[in-house]
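# Residue-level structure breakdown
Now for the letters of each chain:
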Amino acid sequence: MNSKALVIFASLFTSLSQAQNLPQVLSVPGGIAEIPVGALSEPAPQVFFQQHRVLVTHNDSEWLAIVGIPLETLPSRQEIELKTQDQTSHLSFQVAYKEYPAQYLTIKNKRMVNPEAEDQEKISADLKLINQAIQTWTEQDEIDTDFMAPVDGRLSGVFGSRRFFNNQAKNPHSGLDIAAPPGTPIKAPASAKVINTGHYYYNGNAVFLDHGQGLISGYFHMTEIKAKPGQVVAQGDIIGTVGATGRVTGPHLHWNIYLNGTKVDPALFIAKDLPRLEMRNHK
Ligand SMILES: [Zn+2]
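Residues numbered from 1 in each chain as written. Predicted model: local features only at pLDDT ≥ 70, side-chain atom pairs only at ≥ 80, totals over all residues. Heavy atoms only, no water.

## Some points on the overall build of the protein chain
Cut-off, in case you're wondering: Numbering of helices and strands starts at the N terminus; helices are DSSP runs of H or I of at least 4 residues and strands are runs of E of at least 2. What the globule rule says is 2.2 Å times the number of residues to the power 0.38, and the radius of gyration is computed from C-alpha atoms. Whether a residue is buried, partly exposed or exposed follows from its accessible area with a 1.4 Å probe, protein chains only, as a fraction of its type maximum: under 20%, in between, or over 50%, in that order. Here, two residues are considered to be in contact whenever any of their heavy atoms come within 4.5 Å of each other. For the accessible areas, the method is Shrake-Rupley and the probe is 1.4 Å, while residue cover comes only from the protein chains on display. When charges are counted, neither His nor the chain ends are considered; positive counts come from Lys and Arg and negative counts from Asp and Glu. For the purpose of locating charges, the reference atoms are NZ of Lys, CZ of Arg, CG of Asp and CD of Glu.
Per the secondary structure count, the protein chain includes three helices and 20 strands. Its C-alpha atoms give the protein chain a radius of gyration of 20 Å, near enough to 19 Å, the size a compact globule of 283 residues would have. Structurally, the protein chain occupies a C-alpha span of about 70 × 40 × 35 Å along its principal axes. Taken over 283 residues, the protein chain has a buried fraction of 46%. Once local pairs closer than 6 in sequence are excluded, the contacts in the protein chain between residues at least 24 apart make up 67%. Per element, the accessible surface of the protein chain, about 14300 Å² overall, is 54% carbon and sulfur. Put simply, the protein chain has 24 plus and 27 minus side-chain charges, and the middle of one group is 9 Å from the middle of the other.

Right under this line is the structure:
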């Protein structure tokens, strides 16, 4: 191969690897920071944020740390830690302010707003399993971050809204809600492995997917679960159906995404699908 052909070959390879669709960057509480952490010609560093391993992927020339920023973070400078074979270093990044809207909801089942003692036991047991799922770390070189919307429906609730159930302040909304008729298929947004499935007090019938390197997604309130722990799924595979199990006001998918053990806005992963889902609110 002459040198000109080599250049053409190299640039073809570059454009192929650039096709990798990374989540939209929005360095705010509940958002995602993308931080270059070294040249692709060097080995990838291990990256940590608040003691949690961070996903490291790449573009055509650099390693990129994809950092999930906890919703409770105040606007401030934050730091990641980089570890290579022979040294530890730090890089800082800015977290900007974001105002999240308030949302008022009426829940008919009072026990879903003020659980009784026996419900508390179930809620605590659920939390243990959920925390275990979202702490999953799988070493995996290439991470499929090219997500599609898991349900073709109407955007009915945004991430981060400050929520009031029957006028009582509760935790902010931890995911994205997509409303659709009961039984509508819920599809894997990208390739993944099923971590677990279960029936939870607030989340109803749920599935957790492992996309590798701490990128986890959760699917709640399903009518039917159509996935098994350990199963490998491809983008578009049906993992369940839309329902109204757990704490809901109507049938919808509540979709969570976790990075480095923290919840981030799923909308950042489906920026190209979002206008289509949002438009259905105005018909
Ligand atoms: Zn929700």
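## Observations concerning the coordination of the zinc ion
Just so we agree on the cut-off: The donor definition counts N, O and S atoms within 2.8 Å of each metal and applies 3.2 Å to Na, K and Ca; water is not among these atoms, so some sites may look incomplete.
Ligation of the zinc ion by protein atoms is provided by His173 (NE2), Asp177 (OD), Asp177 (OD) and His254 (ND1), these donors lying 2.0 to 2.8 Å from the ion. Considered as a linear motif, the donors of the zinc ion on their single chain read H-x3-D-x76-H. On the criterion of sequence distance, the pair formed by histidine 173 in the loop between β11 (168–169) and β12 (176–179) and histidine 254 in strand β19 (residues 252–259) is long-range, its members being 81 residues apart. By the burial criterion, histidine 173 is buried, and histidine 254 matches it.

## Some details on the sheet that holds strand β3 (residues 52–53)
Backbone-to-backbone hydrogen bonds pair the strands of a sheet. The strands run either parallel or antiparallel. We count it as follows: Pairing between strands is defined by DSSP: at least two bridges between the two strands are required.
The four strands are arranged β3-β2-β6-β7 in an open sheet whose pairing can be described as antiparallel. Where the open sheet ends on each side, the last strands, each with one partner, are β3 and β7 (88–95).

## Description of the pattern of salt bridges
Just so we agree on the cut-off: Salt bridge criterion: a side-chain nitrogen from Lys or Arg within 4 Å of a carboxyl oxygen from Asp or Glu.
All told, the structure shown has ten salt bridges when counted by the stated rule. For arginine 280, the salt bridge is made with aspartate 152, and the minimal N-O distance between the two is 3.1 Å. In this pair, arginine 280 sits in the segment after α3 (274–279) while aspartate 152 sits in the loop between α2 (117–134) and β9 (154–157), placing the two residues 128 residues apart along the sequence. Since its relative accessible area comes to 28%, arginine 280 is described here as partly exposed. Given the relative accessible area of 48%, aspartate 152 is considered partly exposed. Linked through salt bridges whose partners overlap, the residues forming this network are Asp152, Asp273, Arg276 and Arg280.

## Examining the environment of glutamine 78
Mapped onto the secondary structure, glutamine 78 falls in strand β6 (residues 76–83). On a C-alpha basis, the gap between glutamine 78 and isoleucine 178 in space is 32 Å, while along the polypeptide they are 100 residues apart. Ignoring sequence-local partners within four residues, the contact set of glutamine 78 consists of Phe49, Gln50, Thr73, Leu91, Ser92, Phe93 and Val95.

## With respect to the environment of proline 172
Mapped onto the elements, proline 172 comes out in the loop between β11 and β12. Classification of proline 172 as partly exposed rests on a relative accessible area of 37%. Sequence spacing of proline 172 and valine 232 is 60 residues, and the spatial spacing of their C-alpha atoms is 31 Å. For proline 172, the contacting residues outside a window of four places in its chain are Leu71, Gly160, Ser161 and Arg163.

## Thoughts on the sheet that holds strand β10 (residues 162–165)
Spatial strand order, β8-β10-β11: three strands in an open sheet with mixed pairing. Two strands bound the open sheet, and with one partner strand each, they are β8 (102–105) and β11. Inspection of the sheet shows β8 paired to β10 by four bridges, in the parallel sense. Looking across to β10, one finds that tyrosine 104 is bridged to phenylalanine 164.

## Digging into the packing of aromatic side chains
Aromatic rings considered in pairs are described by the distance between their centres and by the relative angle of their planes. Filter applied, for reference: Side-chain rings of Phe, Tyr and Trp, where Trp is taken by its six-membered ring, are said to pair if the distance between their centres is within 6.5 Å; with planes under 30 degrees apart they count as stacked, over 60 as edge-to-face, and otherwise as tilted. Sitting over a ring, as applied to charges here, requires NZ of Lys or CZ of Arg to be within 6 Å of the ring centre and within 35 degrees of the ring normal.
Here the structure, examined in full by the defined rule, presents ten aromatic pairs. Ring geometry for tyrosine 104 versus phenylalanine 164: centroids 4.7 Å apart, planes at 15°, classification stacked. Taken together, the positions of tyrosine 104 in strand β8 and phenylalanine 164 in strand β10 put the pair 60 residues apart, joining distant regions of the chain. Residue classification places tyrosine 104 among the exposed positions, given a relative accessible area of 55%. On the basis of an interplanar angle of 70° and a centroid distance of 6.4 Å, the ring pair of tyrosine 200 and phenylalanine 208 is categorised as edge-to-face. Take tyrosine 200 and phenylalanine 208: they sit in the same class, and that class is buried. Here a set of aromatic residues connected by ring pairs shows up, and it is made of Phe147, Tyr219, Trp255 and Phe269. Its guanidinium or amino end placed over the ring of phenylalanine 48, lysine 83 lies 4.8 Å from that ring's centre, counting from NZ or CZ.

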